[in-house]
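So you can see what is in the structure, the chains are spelled out below.
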Amino acid sequence: MNTFKRSNEPIAWSLFGAGGMVVAFIIPVLAIITGFLFVPDSSLRVYELIDSWLSHWIGKVGLFLIISLTLYHTVHRVYHGLHDLHVKGNDVLMLVLFYGTATVLSVVCAAWLLVI
Amino acid sequence: MNRKPYQQPQAATWWFKNHFYRFYMLREASSVPVFLYAVWLLLGLFRLNQGALEFNAWLALNTSGVGQILHLVVIAAALLHAYTWFQLTPKILVLRFGNFRVPDEWVMGGHYVTWVLVTIGMLWLAITG
């Protein structure tokens with residue numbers, strides 16, 4: 001008789017692993033770009049550049065993966081980090097709170113990308 | 001579960017006692033600014049949908065003094081993550097071809113080379129458009 005409950009951890013860890021790659025490879029340079037290179041001007045150069053990138057499906061998929069995988073990666077770390085800090089909550093509630101937040105924000109991201 | 005295994009008591013500040021545990025916690029904590037940055041990018045996407053002027057206001061916040069200091073925090077957190085992540089990859093990504101095992105240094109080096117190429121490529125894209 002098999003009474004073991006299947007763990008969610010492999011799914012969470014795959015997203016965590018993929019997100020870890022995104023945070024390592026993309027986020028440092030992206031933060032340099034948004035913080036120091038994309039200075040707004042009256043010619044709206046930056047606006048038109050990003051609008052043209054995100055009009056293409058490759059740009060949409062790219063930004064979606066960057067944002068959603070970063071969210072899944074970071075909520076996974078905070079979720080387990082709180083456990084390390086002995087912050088305890090209802091198991092189901094904590095799962096819904098952290099992975100649910102990443103999921104809801106990812107859906108919002110996809111919706112906003114599709115209306116561009 | 002009927003078992004009630006003994007759990008040795010552990011203070012919530014256990015990680016504070018040791019240099020390695022403190023660094024571990026710093027690495028885990030680096031995910032907080034990165035999470036906030038992802039949410040901030042999402043807000044930028046929302047502003048982009050509102051229009052050019054609204055998006056320019058978001059860009060202006062990014063490149064303001066406070067915005068740039070916060071960006072530096074995110075960059076530092078992401079770099080700390082990248083360094084620790086690439087240290088781990090040879091342990092997870094074990095490549096074998098017959099009896100030959102790809103050395104850890106090659107796996108790590110490959111990640112660093114890719115990192116430099118991605119960084120230069122994205123900077124080039126952002127500057128030349």
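Residues numbered from 1 in each chain as written. Chains lettered and ligands numbered in written order. Predicted model: local features only at pLDDT ≥ 70, side-chain atom pairs only at ≥ 80, totals over all residues.

## Quick notes on the overall build of chain A
Logical step 1: Helix and strand content of chain A: 5 helices and 0 strands.
Logical step 2: Along chain A, helices (α) and strands (β) appear in the sequence α-α-α-α-α when read from the amino end.
Logical step 3: Its C-alpha atoms give chain A a radius of gyration of 18 Å, more than 25% over the compact-globule value 13 Å for 116 residues.
Logical step 4: With the C-alpha coordinates aligned to their principal axes, the bounding extent of chain A is approximately 65 × 30 × 20 Å.
Logical step 5: Looking at chain A as a whole, 33% of its 116 residues are labelled buried.
Logical step 6: Of the contacts made within chain A by residues no fewer than 6 positions apart, 82% connect residues no fewer than 24 positions apart. (Helix = DSSP H or I, 4+ residues; strand = E, 2+ residues; numbered from the N terminus. Rg over C-alpha atoms; globule rule 2.2 N^0.38 Å. Buried ≥ 20, exposed ≤ 12 C-beta atoms within 10 Å, placed from the backbone. Contact = placed C-beta atoms within 7 Å.)

## Remarks on the overall build of chain B
Logical step 1: Assigned secondary structure in chain B consists of 5 helices and 2 strands.
Logical step 2: Starting at the N terminus, the α and β elements of chain B follow one another as α-α-α-α-β-β-α.
Logical step 3: Taking 2.2 N^0.38 as the reference for a compact globule, 129 residues should give roughly 14 Å; the C-alpha atoms of chain B span a radius of gyration of 21 Å, well beyond that estimate.
Logical step 4: If one aligns the C-alpha atoms of chain B with their principal axes, the spans along those axes are about 60 × 45 × 35 Å.
Logical step 5: Sorting the 129 residues of chain B into buried and exposed places 19% on the buried side.

## Details of helix H2 (residues 27–37) of chain A
Logical step 1: Taken across its 11 residues, H2(A) has 8 buried, putting it largely inside the fold.
Logical step 2: Those residues of H2(A) that fall on the buried side of the exposure criterion are Ile27(A), Pro28(A), Val29(A), Leu30(A), Ala31(A), Ile32(A), Thr34(A) and Gly35(A).
Logical step 3: In this structure, the buried side of H2(A) is in contact with helix H1 (9–25) and helix H4 (57–84) of chain A together with helix H2 (31–50), helix H3 (52–62), helix H4 (65–92) and helix H5 (104–128) of chain B.

## What to know about the environment of Leu63(A)
Residue and element names in this part refer to chain A.
Logical step 1: Position of Leu63 among the secondary structure elements: in helix H4.
Logical step 2: Sequence spacing of Leu63 and Trp53 is 10 residues, and the spatial spacing of their C-alpha atoms is 9.7 Å.
Logical step 3: Those residues within four positions of Leu63 in sequence are excluded, and the remaining contacts are Leu54 and Leu113.

## A closer look at the packing of H4(A) against helix H5 (residues 91–114) of chain A
Two numbers describe a pair of packed helices, the interaxial angle and the distance between the axes.
Residues and elements named next belong to chain A.
Logical step 1: For the pair H4 and H5, the least separation of the axes is 9 Å and the interaxial angle reads 170 degrees. Relative to H5, the element H4 is oriented roughly antiparallel. Here H4 contributes Lys60, Leu63, Phe64, Ile67, Ser68, Leu71, Tyr72, Val75, Val78 and Tyr79 to the contact with H5, which in turn contributes Met94, Phe98, Tyr99, Thr101, Ala102, Leu105, Ser106, Cys109, Ala110 and Leu113.
Logical step 2: The residue makeup of the contact of H4 with H5, split by class, is 16 nonpolar, 3 polar and 1 charged. (Axes fitted to C-alpha atoms, helices over the stretch in contact; angles between N-to-C directions. Parallel < 35°, antiparallel > 145°, perpendicular 65-115°, else oblique. Nonpolar A, V, L, I, M, F, W, Y, C, P; charged D, E, K, R; others polar.)

## Some thoughts on the interface of chain B and chain A
Logical step 1: The interface of chain B with chain A comprises 44 residues on the first partner and 43 residues on the second.
Logical step 2: Secondary-structure elements contributing two or more residues to the side of chain B that touches chain A are helix H1 (19–29), H2, H3, H4 and H5 of chain B.
Logical step 3: Considering only residue class, the side of chain B that touches chain A consists of 31 nonpolar, 12 polar and 1 charged.

## Some thoughts on the nonpolar core
Logical step 1: Core analysis: the biggest nonpolar cluster contains 41 residues, and Ile27(A), Ala31(A), Val34(B) and Ala78(B) have the highest contact counts within it.
Logical step 2: Among the elements of the structure, H1, H2, helix H3 (45–55), H4 and H5 of chain A together with H2, H3 and H4 of chain B are those that each provide at least two residues to this core.
Logical step 3: Those residues within four positions of Ile27(A) in sequence are excluded, and the remaining contacts are Val22(A), Thr70(A), Val34(B), Tyr37(B) and Ala78(B). (Core = buried A, V, L, I, M, F, W, Y, C linked by C-beta atoms within 7 Å.)

## Some details on the confidence of the model for chain B
Logical step 1: When pLDDT is averaged along chain B, the result is 94, and 98% of the positions lie at 70 or above.
Logical step 2: Predicted as a complex, the structure gets a pTM of 0.92 and an ipTM equal to 0.92. (pLDDT = per-residue confidence, 0-100.)

## Regarding the packing of H2(B) against H3(B)
Residues and elements named next belong to chain B.
Logical step 1: The contact between H2 and H3 brings their axes to 6 Å, and the two run at 150 degrees. The orientation of H2 relative to H3 falls into the category roughly antiparallel. Handedness of the crossing formed by H2 with H3: left-handed. Side by side, H2 and H3 meet where Gly44, Arg47, Leu48 and Gln50 of the first sit next to Glu54, Phe55, Ala57 and Trp58 of the second.
Logical step 2: Residue composition of the contact of H2 with H3, grouped by class: 4 nonpolar, 2 polar and 2 charged. (Left-handed = near helix turned anticlockwise from the far one by under 90°.)

## Focus: unusual backbone geometry
All names here are of chain A.
Logical step 1: For Leu44, which is not glycine, the phi dihedral falls at a positive 60 degrees.
Logical step 2: Relative to the assigned elements, Leu44 resides in the loop between H2 and H3.
Logical step 3: Residue His86 is not a glycine yet carries a positive backbone phi of 65 degrees.
Logical step 4: Checked against the element boundaries, His86 lands in the loop between H4 and H5.
Logical step 5: Judged by C-beta crowding, with 11 C-beta atoms within 10 Å, His86 ranks as exposed.

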